[in-house]
Structure formats: C-alpha cells, structure tokens
Amino acid sequence: MKKLNLILILAIFSQLTFAQKSIEMNKWMITNPQKMNMPAFSDIENIDGDTFKTSDLLSKIKVDFNNKSLRWKNIEIGADSIILNQADENNLVLLSSYLSVDRWIKGSLNITLNAYYEVYLDNELIKTKKKADMSTTKIDVKLNRGNHSIIIKLLTTDQNLKFQSGFEYAEDFTDCNAISGLNPDRYFTINDVLEGNYVSSAKISPSGKYVLINYSEVIHDSGKSKKYSEIYDFEKQKNISVLRNKNISKVSWLPRTDKLSYVSEFEDKSEIFVYDILTGKEKSIAKGINDLSRYTWSPTEDYIIYSEYIKAEKPGDLKRIFGNEDRLPYFRNRSFLHKIDIKSGNITQITSGNLSSGLHDIKPDGSKILFSVSEMDYSEVPFRKQNLYEMDIKTNELTSIWENKIYSGYTKYSPDGAKLLVQGGPECFGDLGVNVSEGRIPNSYDSQLYIFDLATKQLEPITKNFDPAIGDAYWSKDNQIYISVTDKDYGNLYKYNLKSKSFEKINLLVEVLGDIDFAYNKPVAVYTGTSISTPKKLYIIDLKKAVPDGRQEISSLLSFSEKERFADIQFGKTEDWNFENKNGTTIYGRVYYPPNYDDVTKKYPVIVNFYGGTSPIERSFGGRYPINNWAAGGYIVYVLQPSGATGFGQDFSALHVNGWGFDAIDDIIDGTKKFLETHPTADSENVGCIGASYGGYTTMLIQTRTDIFKTAISHAGISSLTSYWGEGYWGYSYSTGATKFSYPWNRKDIYVENSPVYNADKFQNSILLLHGTADTNVPVGESLQYYAALKLLGKDVEMVLVDGQNHWILDYKKRIKWHYTIMSWFDMKLKDQSQQWNDMYPEKNL
C-alpha cells in the first residue's frame, strides 16, 4: 500500500513538473498565392535515381520577406482551420505573425499545416517539412525577451489549405507573459548592434560638390561584411557612381581637384591610381610598391609621400629583450618615408636609420614636410622622447623644430605655412598648457591645442581654459580652426576664432560626433554621428551658416540606410541625472528606462555602468556595451562619469592621476545610493554593476568596499595593479599618465592596498569575471588570479573566458554569446531567472 501511494505521488509530481502552458496563434498575415512551376525534366531521375519533387522546389525558391511588392492581408484562423479554399497545386504562399515574450524562455511552436513548408524565426530557417499532411510538427525554440517574427513559406497541394498553430512552454516559466499577434513593434537587440548597412566613413571633394560615401553591410547570422562605395553629387542630389566588388583600398579625394585616388593590391605589391569621375578615366601613378601602409598627396598634387612598413626578421626560439617595448611582437618593425614624383614616376626613399619616421603634414605650398621620430628614454617620464623635423622636399635638408621633447605632439601647418597647430597633453610644453589646482598632476590624456610660430618659436596654448578634451582639429584656408571634442559625455564641434581667441559651439544633429571631413574650397563638411537612442547617420553641414543663434537647419541628412530596420523598434525614455559629490563637484550621469516603463505600479532591477578611467562613457548609440539593449531587457540603467574623466576640464581629469581606487569609487557608491533614494521605481534590493578594463578593475574593487551591488560583472578587469603594470602590453606606459611617478616600490598604498586581489577577503555578494584569452592589454591572468582568490575564500564567483579574443570581443558569434552571458547573469542574480544561464552553462561534475 505504501509502495502504491509512493508511485501515485511520483506520478502526480511528474505531471505537475512537466505541466505545460500554451497560447493559440490564430492571427496571421497571408500573401496572395503565386503559381510556381516545376523545372524542366523534373520527372527524369537524376544520377542518384531521384526525381525532382515539390519539396525540392520549395527549398529552391528564394524569397525576400521584406520585399515591398509583397501584398499581405490579415486573417484570423477559424474553427475549420481553412485559410485558403481549393488551392491549386504548387502555389507559393507566405504566412507571417509575431510572438512576444517578456523574458528568456524555452518552448515549442506547434504547427499543423497540410502543405510543404519552411518555418523562419527572426529570419532564420528553423524547420522544413517535406510531407504535406495534417500531422502536427513540434519545433523546439529558445526565445530572448522581445517580439519575434515567425514566417512560414509554403507550397500548396490541390486541397483546401488548413492551418493551426500555437506556442507551448513549461510551467517553470510561469512568470512569462507570451502574446501572439500582428504588432511588429519590438525591442532593440544585439543583432541590431552588430548587423545592418551603415556608413563607415565619408569624404567630401575639395569643391564640396561630391561626397564619397563608404558603406559596410554586416550579414545576419554570419558576421561577414560587404563593403562598397557611392559617389554622391550633392548639387544634383543623386548618386553618380557605385564602386562595388573592386579590389581597391585607401580611397580618398585629391587635395585640390575632384579626382579620386586609391590603391590596388596584386601579388603583395601596391599600385596607386587616380580616377577622374567626370571623364571616367583611370590613370596609374605608381606600381610595384612594397609594404605600403599609408600615403598622402602633396597639396600641389605633384608628389605623394608614403610610408613603407618593414617587418623585422623573427628572432628565433630565444629572444633577448632590449627595453620594455621590445616585449611587443611588432616593436622591431620600422616605417620609413618615400616620395613618388608624379611627373616622372620616380620613387625615392627620403628617411632611413634605426627609428621609424611618421609623417605629420605637408606644407600648403608643397615645399616642405613635417615628420617625427621618437625613441625610448628611461631616464624621464613618460620614457619616450620626440624629435620633430621639417624637410625641404627638393633637397631632403632637415630643419629641427624640436628635439628630445618628453611629451610628444602631433602637428599640422596653418594655411599660410607659417605656424603649426600642435595637439598634445597639458604638459606638452612644460607648464604652459597646464590648468590644475595646486598639488594635482595634469592628466596627459586630456588633449590640448597649441599654436607654434615657426619663425619666432613662440607658443600659444589656445585650449588651456577650455574644458572639453580635443579629439581632432582642422585649420581651414579661411583661417578658421574647427575642433572635434569630448564635451562631458557629448561629442561636439567648436570653431575657434583666432582674432577674438574665443570658441563657438556649432550645433549638430547628433549628440556624439563621429568623423568629420571638410571641403577645401567651400565652407561645407560631411560628418557622421549618433545620439543616445539614434544609430549612425551621415549629414552635410553648411559652415557658412554656423552662427551662434542655435539654429540646426545648417545640417541636412545625406544617408541613413537602416531607416526601415529601426522603424518598429521601441526605445525607452532617457534623461540626465546628476548629483553633487562629497567635494561639491557635479558628477554627471544619465538614465535609460525600459520600453513601456511603468512608473506607478512596478519596480525594476538596476544596472549601474561606469568606466572610471580617463574618458567618459559617451552617449553614443550601440557600441561594445549597448546600454539601450540592457534597458530593453527590463532594467533601469544608470550611467555615471566619476572623477577623473576627460571632457570636464583639466582639474577634473587630473583626479585620474594616481587615483586608482579613490575618488572614482566613492563617486560610484555615493551616486548609486543617491540615485536609488530619488528613484522609487528602482529596486534597491536588486542592483548590479558592470565595467570593463579600468572599469573592470573598478568593479572588482567596488565589491570589496560596499554591499549595495547584489552582483557585478567585470570584463577584462585588473586585479593586481603591479602585474598589469609589468605584463600588459601598455601597462607601464599607460601608468606614466595614470600613476605618474608612482611605482610598485614607492606607492604600495596604490599598487597593493588598492588592488582587488589584495582585498579579496573583504569581497561581498557576487561577481562574474569575463576575459578574452588573447588579451594583450589586460592579460587574462588578471581575472584568473582574482577568480582563484575568491574561490579559495568561498565567495560567489563565476568566470567565463572567451577563446582567442583580445581586449574587445570582436568575433561576431562569440560577441553574441558574450552579450547573452552578461544578460543571463543579471537575469539570474537580479530577477531570479536562472534558466538562460543554466542553459548556456549547465553544471558539470569535473
């Protein structure tokens, strides 16, 4: 009797465990039938003894589901299941619907359809049925949070077309809300970040009439990209040429005429061409060039300067290291400058020696060039010194501009060739460009601008009192200096007035300026950029209209090829949120809310994102850490710019120097507490944080300082500042700025006391460590040793290594898995939804 009761209990438990929930999918769209003919000789057996069947025909039909010529109508499946009466045989029909889920889920699509058919989930083929009967096909699927497209491509028989469908899932997903319907609105996904057709770059011709637009199209489910270029006539408002599948690279306009220059490769040799877009004629300029890395036309267009990149011989099985940089496998490679005379075609080498030469600029009249060499010098921070030379291009005679300069600068000529525009750090010329409080050390990564008079050697620091950090600058022939800057978390464009010595902000139609290219003979430019919830677009701007009156009509859209892709994507609202830290300084931040945010009845888990290094997290779209996508996962995301970031002025960025583990971490902890206090829909019991590289270090350490973060994710974090300093490719050189004058032997308070691994015993809550196994910037050992320490201490830690990836996860399929690793970890820890994590990383007894 007891045995019988036990069996009965087990049976009931089994039924409860495997109980299913299901929804009907009875709303679909259908296309008109289109007759498909069998190919000729389909009744004749092939070499394998088979004839061509209707099911074979189905697989050979290729359909663009987004083709606008398709005509759809809405249907609702009735009790008789008939969706098409007395269909002819071999008619092509498409069915389309949507299935929305509010969390990751495993389930099955159940389809009953008396036709030959293929089922596509989010444009991926997941099932083919080659038998046209009314048996039900069960298709197992895994769905991420969001709205999913389901398309059925079918070939009819000669019977009434009958169709039933539904979605079924297990009871352990009882908190899932699954809805079927015809609403195409969806959330932003990782595929939207990685795929699509976007402008990769754009160059405007010297006259301002033509724009060369370079596109890169990443193909769904492969990650492979197709590249092509268009030449757009701005005056006629149309494309006049397309360059597709051409074996060319390094395409650019000539400096003064509307002709294109490009390089073609053949058998490891390079050939440079010029193409006249008006006549359609191509001319070879130079051929048989070895090891061409980059080239620059003289403004007079009578010669080219190019760099030859020579790889050093491999050292063999044992290698003696000559200096810290010699650890880098490419350090012994060298670059030298060559000149191509356009008229004669002669090629001559114009620099040589033991040190690489880098071209800076060519004088507007073509008479001289600027180039530099640099070498290591361990006697003085930053352990490298630069020599800048001006060379007479006819005689190769050198004039030294400066020698043994401890802080290097990048230089460009003024339009008249009498001055140089120099870009470098605050200490590029001693204290001349420094603007920090007493006792603070300037941040060498906070880039500044100087004007250097070649005749008098006089210097003028033009951005000393200008808070934004310099990205790039262009000195136009009408004597205006246009400056691309990091301005807090924006990327902006300014114009510097040489007479009034003042800056004017130029209004753009983007929040983060990408690349900008200026026409030589006309005050126009083309630029790319993104905004907080807007992907990359290409604009043209009339700089003549750029007056400080706030007008934005000076820019007009040139290209946004993904308009249709983003038409149905729902983004949550965003807003700025700043606070005052313990020192009375405003710490800037912003908030991303989930789509369909409910500020009345719901609480949301929170993700706090930061870098804490020397640059802010810009409000750009997409990127390696797609914040909009995290918000689409049902999270409130708070992003803040802690002390030490550039773009807020030199005094603020100086806090980064020797600031490992100090002000930035205090800002993050205090800011998160204040954020939670002022946002009632933020669930203070379920808060996580994430950072990468320096932000990964911050994440590792912050879990030893506070318990407010229920979990954390560190990608490529630094657990021991000493080992990073000595082992990373750029550890010790980065530290010449980030820990200036500080070393493991004289600042144990930084290198030991503020290293996460030495504080592992104070660790609280949980953490996921992510790292690429081929990381040369922050070696993977930084995560390995922190993992080892936390494991021995019995802490809640997991580690996922991404095979073969460097500091950034660039491989398409690995990037997608890495992304869902992040989301599934947060879901498990902050939403108590462990199913996706367990599906990706099931337990193993090793």
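Residues numbered from 1 in each chain as written. Predicted model: local features only at pLDDT ≥ 70, side-chain atom pairs only at ≥ 80, totals over all residues. Heavy atoms only, no water.

**Brief notes about the overall build of the protein chain**
Just so we agree on the cut-off: Only DSSP runs of H or I covering at least 4 residues are called helices, and only runs of E covering at least 2 are called strands; the numbering of each starts at the N terminus. With the radius of gyration taken over C-alpha atoms, the globule rule is written as 2.2 Å times the number of residues to the power 0.38. Burial status follows relative accessibility: with a 1.4 Å probe on protein chains alone, a residue under 20% of its type maximum counts as buried, one over 50% as exposed, and anything between as partly exposed. In this description, contact between two residues means that some pair of their heavy atoms is separated by no more than 4.5 Å. Values of accessible area rely on a 1.4 Å probe in the Shrake-Rupley scheme; residue burial ignores everything except the protein chains shown. By the counting scheme adopted, Arg and Lys are positive, Glu and Asp are negative, and His together with the chain ends is not counted. Working definition for charges: the position is that of NZ of Lys, CZ of Arg, CG of Asp or CD of Glu.
Regarding its fold elements, the protein chain presents 14 helices and 53 strands. In terms of overall dimensions, the protein chain is globule-like: its C-alpha atoms have a radius of gyration of 31 Å, near the 28 Å expected for 846 residues. Structurally, the protein chain occupies a C-alpha span of about 100 × 70 × 65 Å along its principal axes. Counting across all 846 residues of the protein chain, residues that qualify as buried make up 53%. Considering only contacts in the protein chain between residues 6 or more positions apart, those separated by 24 or more positions represent 62%. As presented, the protein chain carries roughly 39500 Å² of accessible surface, and 48% of it is formed by carbon and sulfur atoms. Distance from the positive charge centre (98 side chains) to the negative charge centre (106 side chains) of the protein chain: 2 Å.

**Quick notes on the nonpolar core**
Operational definition: Each nonpolar core is a collection of buried residues, namely Ala, Val, Leu, Ile, Met, Phe, Trp, Tyr and Cys, held together in the definition by side-chain atoms within 4.5 Å.
Counting residues in hydrophobic clusters, the biggest one holds 48 residues, and the most contacted among them are Val-608, Trp-660, Phe-675 and Ile-767. Excluding anything up to four places from it in sequence, Trp-660 contacts Tyr-694, Tyr-697, Ile-718, Leu-721, Tyr-724, Tyr-734, Ala-738, Thr-739, Ile-750 and Asn-754. Core analysis: the next-biggest nonpolar cluster, separate from the first, contains 35 residues, Ile-30, Ala-87, Leu-95 and Phe-167 among them.

**Some words on the pairing of strand β51 (residues 711-715)**
Note the following rule: Between any two strands, at least two bridges found by DSSP are needed for them to pair.
Taking burial as the measure, the five residues of β51 include five buried ones, the bulk of the element. The two faces of β51 match: Thr-711, Ile-713 and His-715 on one face and Ala-712 and Ser-714 on the other face are all buried. One ladder, built from five bridges, connects strand β50 (residues 682-692) with β51; its direction is parallel. Counterpart to Cys-689 in the pairing with β51 is Ala-712. Sheet topology note: the β51/strand β52 (residues 766-772) ladder contains three bridges and is parallel. Pairing of Ile-713 across the sheet is with Leu-768, part of β52.

**Here we look at the sheet that holds strand β48 (residues 604-609)**
This is how it is decided: All axes here are fitted lines through C-alpha atoms, helices being fitted over the stretch that makes contact, and every angle between N-to-C directions spans 0 to 180 degrees.
Strand order in the open sheet made by the eight strands is β44-β47-β49-β48-β50-β51-β52-β53, with mixed pairing throughout. Here the strands that pair on one side only, and so sit at the sheet edges, are β44 (574-576) and β53 (796-802). When the angles between neighbouring strand axes are averaged without regard to direction, this sheet yields 20°. Against the sheet, helix α13 (residues 812-830) contacts β48, β50, β51, β52 and β53, and its axis sits at roughly 160° relative to β51.

**Side note on the confidence of the model for the protein chain**
Counted only if it meets this: pLDDT runs from 0 to 100 and stands for how confident the predictor is about each residue.
Residues at a pLDDT of 70 or more form 97% of the protein chain, whose mean pLDDT is 94. Counted against residues more than four places away or in other chains, residues 6-18, with its pLDDT under 50, gives zero contacts.

**Some thoughts on helix α7 (residues 663-678)**
Keep this limit in mind: By definition here, a helix of n residues has an expected span of 1.5 Å times n minus one.
For α7, built from 16 residues, the straight-helix expectation of 22 Å at 1.5 Å per residue is met to within 8% by its first-to-last C-alpha distance of 22 Å. Burial in α7 covers these residues: Asp-663, Ala-664, Ile-665, Asp-667, Ile-668, Ile-669, Gly-671, Thr-672, Phe-675 and Leu-676.

**Notes on the sheet that holds strand β25 (residues 334-341)**
Strand order across the open sheet formed by four strands is β23-β24-β25-β26, with antiparallel pairing between neighbours. The sheet terminates laterally at β23 (292-297) and β26 (347-349), the two strands that pair on one side only. On average, adjacent strands in this sheet sit at an angle of 25° to one another, irrespective of strand direction. Note: strand β24 (residues 303-310) against β25, eight bridges, orientation antiparallel. Within the sheet, the bridge partner assigned to Ile-310 lies in β25 and is Arg-334.

**Quick word on the environment of Ile-23**
With respect to the helices and strands, Ile-23 occurs in strand β1 (residues 20-24). Along the primary structure Ile-23 and Val-757 are separated by 734 residues, whereas in three dimensions their C-alpha atoms are 50 Å apart.

**Considerations on the environment of Leu-784**
Following the sequence through the fold, Leu-784 ends up in helix α12 (residues 781-792). In the structure, Leu-784 is positioned 710 residues away from Asn-74 in sequence and 56 Å away in space, judged by C-alpha atoms. The contacts of Leu-784, once residues within four sequence positions are left out, are Met-799 and Leu-801.

**Description of the environment of Asp-302**
We apply this condition: Two N or O atoms form a polar contact when they lie within 3.5 Å of each other; inside protein one atom must be a possible hydrogen donor and the other a possible acceptor, and for residues adjacent in sequence the pair counts only when both atoms belong to side chains.
Within the element layout of this structure, Asp-302 appears in the loop between β23 and β24. Through-space distance from the C-alpha of Asp-302 to that of Ile-342 is 5.3 Å; in sequence the pair is 40 residues apart. Every residue in contact with Asp-302, bar those within four places of it in the chain, is listed here: Ile-340, Asp-341 and Ile-342. Engagement of the side chain of Asp-302 in a polar contact is seen with the side chain of Thr-300, the distance being 2.6 Å.

**A few points about the pairing of strand β29 (residues 384-392)**
Across the nine residues that make up β29, a large majority, seven, are buried. As paired elements, strand β28 (residues 368-376) and β29 share nine bridges and run antiparallel to each other. Directly across from Leu-370, in β29, lies its bridge partner Glu-390. Where β29 meets strand β30 (residues 398-405), five bridges bridge the pair, whose relative direction is antiparallel. Within the sheet, the bridge partner assigned to Glu-390 lies in β30 and is Thr-399. Adjacent in sequence and paired antiparallel, β29 and β30 are bridged by five residues, among which Asn-396 carries a positive phi angle near 65°.

**Quick look at unusual backbone geometry**
Geometrically, the link from Val-381 to Pro-382 is a cis peptide bond, its omega value of 10° lying close to zero. Turning to its location among the elements, Pro-382 is positioned in the loop between β28 and β29. Of note, Asp-832 is a non-glycine position whose phi angle comes to about 60°, a positive value. Secondary-structure assignment places Asp-832 in the loop between α13 and α14 (835-840). For Asp-832, a relative accessible area of 72% translates into the label exposed.

**A closer look at the packing of aromatic side chains**
Stated precisely, the cut-off is as follows: Aromatic rings from Phe, Tyr and Trp, taking only the six-membered ring of Trp, are treated as a pair when their centres fall within 6.5 Å; an angle between ring planes under 30 degrees marks them as stacked, one over 60 as edge-to-face, and anything in between as tilted. Charge-over-ring contacts are defined here by two conditions on Lys NZ or Arg CZ: a distance within 6 Å of the ring centre and an angle within 35 degrees of the ring normal.
Overall, the coordinates contain 48 aromatic pairs when judged by the stated rule. Summarising the aromatic geometry, the rings of Trp-660 and Tyr-734 are spaced 6.3 Å apart at their centres and angled 85° between planes, so their arrangement reads as edge-to-face. Of this pair, Trp-660 sits in the loop between α6 (650-653) and α7 while Tyr-734 sits in helix α10 (residues 731-738), and the two are 74 residues apart along the sequence. Each residue in the set Tyr-445, Tyr-611, Trp-660, Tyr-694, Tyr-697, Tyr-724 and Tyr-734 is aromatic and connected to the rest through ring pairs, giving one cluster. Stacked on the ring of Phe-560, the Lys or Arg Lys-537 has its end atom at 4.7 Å from the ring centre. For Arg-624, the ring lying beneath its charged end belongs to Trp-808, and the centroid distance is 3.9 Å.

**So, α13**
The end-to-end C-alpha distance of α13 is 27 Å, a good match for the 27 Å that 19 residues give at a rise of 1.5 Å each. Within α13, 16 of the 19 residues are buried, which leaves the element mostly enclosed by the surrounding structure. Once α13 ends, the next one or two residues include Asp-832, with phi positive near 60°.

**Re a negative patch on the surface**
We apply this condition: Grouping into patches uses exposed residues only, defined as over 30% relative accessible area, and leaves out salt-bridged ones; the cut-off is 9 Å for like charges and 5 Å for nonpolar side chains (Val, Leu, Ile, Met, Phe, Trp, Tyr). Whenever Lys or Arg places a side-chain nitrogen within 4 Å of a carboxyl oxygen from Asp or Glu, that contact is recorded as a salt bridge.
Residues Glu-265, Glu-267, Asp-268 and Asp-291 make up a contiguous surface patch of negative charge. With respect to the helices and strands, Glu-267 occurs in the loop between β20 (259-266) and β21 (269-276).

**Details of the pattern of salt bridges**
Scanning the model with the defined rule gives 32 salt bridges in all. Between Lys-501 and Glu-460 there is a salt bridge, with the nearest N and O atoms lying 2.9 Å from each other. Placement of the pair is Lys-501 in the loop between β37 (490-497) and β38 (502-506) and Glu-460 in strand β34 (residues 459-461), with a sequence separation of 41 residues. Between Asp-796 and Lys-829 there is a salt bridge, with the nearest N and O atoms lying 2.7 Å from each other. Of this pair, Asp-796 sits in strand β53 while Lys-829 is found in helix α13, placing the two residues 33 residues apart along the sequence. Where salt bridges share partners, they join Arg-186, Asp-192, Glu-195, Glu-562 and Arg-565 into one cluster.

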